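Results of the structural survey
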Amino acid sequence: MRAICLYMHVHQPFRVRPYTIFDASEDHDYFSNPESQADNHQIMRKVAEKSYLPTNAALMELIKRHPQFKLSLSLSGTVLEQMQLWAPEALESFKELVATGRVEIVAETYHHSLAFFYDREEFERQVKLHAKTILHHFGVKPRVFRNTELSYNNELAHWADKAGYKAIITEGWEPVLGWRSPNYVYRPAFTKQIRLLMKNYQLSDDVAFRFSNRAWSGWPLTAEKYVGWLNDLDADQTNVNLFMDYETFGEHQWAETGIYDFLKHMTDLFLSSKGNTFMTLSEAAKKIKPSDYIDVPQTITWADTERDLSAWVGNSMQRQAINSMYQLSDEVLATRDAGLIEDWRRLQASDHFYYMCTKWFNDGDIHAYFSPYSSPYDAFIYFMNALRDVKYRVAASQGKL
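What comes next concerns the included structure.

Turning to the overall build of the protein, a few remarks are in order. For the protein, the helix and strand inventory stands at 17 helices and 10 strands. Projecting the C-alpha coordinates of the protein onto the three principal axes gives extents of approximately 70 × 45 × 45 Å. Considering the protein as a whole, with its 401 residues, one finds that 60% of them fall into the buried category. Partitioning the intrachain contacts of the protein with sequence separation of at least 6 by distance along the chain shows that 76% fall at a separation of at least 24. Accessible surface computed for the protein: about 17100 Å², of which carbon and sulfur atoms make up 52%. For the protein, the separation between the mean place of its 43 positive charges and that of its 51 negative charges on side chains is 7 Å.

So, in structure tokens, the structure goes:
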């Protein structure tokens, strides 16, 4: 038996508008920019129409066609907020998928933050808030944990094990795996019950990043070719973990590329082979015996050549921004101002720091692709101006102005 564990992540941040020093202390709206193509409202409408709605329709078709077809997904709190505001039909379509009983929701931080590495109490507050929100919208309690950007280390696995999660996921990076393959279930070091599933990034990225790249040696990626690769894996490899952004379908890879036909035909072909199936992450963790343990003392992520946190904190701008933000934690929370606290938490989204990255070559190109700004320096300036206003609002609440 071999299972595909298909996991997709749904997230949109509240992007900071071009917020100037003259706005600070005068205008507390950091996120609305209706005249810009980078406006959050416009982006949500575009992504819902190009990706979420057609992808959910394709997945529902596969669920109805194949009793074996299942998947796992996670939705950040910020994307749920934006769907409620601007694309309620997309939220309803996600609810319909989950209601089938064959779509599992994965836990994460509500605000897609890196709080685990900076403020453990804030991290746990955001995880609890996310769980409460998922229960409200979908009526389920997540059993698998995913930290922001697939960031992971032994300490996180230990926390998730104590918190009662059945599985945790991260990148299947060779320096961590060594001679081993990502196509197994593992046990994290220093844990008792939890299981570890690691992304097969080569097969995942063939779809997520390379599918429409005509310069890629594997182009065109047909369903026959891809399923051939899957079926040619060693017979004892139990689970192929395909992790990618939800926006892979329809947004990063446009419908015109044939990505939806590929998804459907690939599923049909894969399931036509005896012994092939799909599993949710928690199902794989329960049914497949771990083949070994994995020790990850250093932090790993999905991003860039280094597979560490340098995509978010690799330069002095990023470090200044993220450290300045978390240094405000006690003061912001002490205000008990719900609007201020929510704005501060929206600024915690890892995306803001990703946009400030100044790497070059292929890694830099990927950062630029996702950024709504003309340069990393603009991203830094707008963010720090917004943070200056947060400090102003804290001071005002303390009567210091």
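Cis peptide bonds are those with omega within 30 degrees of zero, and the linkage from W219 to P220 qualifies with -5 degrees. Here P220 lies in the loop between α7 (201-208) and α8 (223-231). The phi dihedral of F190 falls on the positive side, at around 65 degrees, and the residue is not glycine. Mapped onto the elements of the fold, F190 is located in the loop between β6 (185-188) and β7 (195-199). You will see that R307, though not glycine, has its phi angle at about 55 degrees, which is positive.

Before going further, it helps to examine the pattern of salt bridges. Applying the stated rule across the entire model yields 26 salt bridges. A salt bridge links D292 to R180; the nearest nitrogen and oxygen atoms lie 3.1 Å apart. Placement of the pair is D292 in the loop between α10 (281-287) and β10 (293-294) and R180 in the loop between α6 (174-177) and β6, with a sequence separation of 112 residues. The class for R180 is buried, based on a relative accessible area of 19%. When the shortest N-O distance is used, the salt bridge between R393 and D343 registers 2.9 Å. Of this pair, R393 sits in helix α17 (residues 376-397) while D343 sits in helix α14 (residues 338-346), and the two are 50 residues apart along the sequence.

Together, E121, E124, D330 and E331 make up a region of like negative charge exposed at the surface. Structurally, E124 can be placed in helix α4 (residues 120-138). With a relative accessible area of 30%, E124 lands in the partly exposed category.

Within the open sheet, the five strands sit side by side as β4-β5-β7-β6-β10. Their pairing is mixed. Every other strand in the sheet has two partners, leaving β4 (144-145) and β10 as the edge strands with one partner each. For strand β5 (residues 167-171) and β7, the ladder comprises five bridges, and the chain directions are parallel. Directly across from T170, in β7, lies its bridge partner M198.

Conventions we followed
- Residues numbered from 1 in each chain as written.
- Predicted model: local features only at pLDDT ≥ 70, side-chain atom pairs only at ≥ 80, totals over all residues.
- Heavy atoms only, no water.
- Helix = DSSP H or I, 4+ residues; strand = E, 2+ residues; numbered from the N terminus.
- Buried < 20%, exposed > 50% of the residue type's maximum accessible area, 1.4 Å probe, protein only.
- Contact = heavy atoms within 4.5 Å.
- Areas by Shrake-Rupley, 256 points an atom, 1.4 Å probe, with all protein chains shown as cover.
- Lys, Arg positive; Asp, Glu negative; His and termini not counted.
- Charge placed at Lys NZ, Arg CZ, Asp CG, Glu CD.
- Salt bridge = Lys/Arg side-chain N within 4 Å of Asp/Glu carboxyl O.
- Patch = residues over 30% accessible without salt bridge, like charges linked within 9 Å, V, L, I, M, F, W, Y side chains within 5 Å.
- Pairing = 2+ DSSP bridges.

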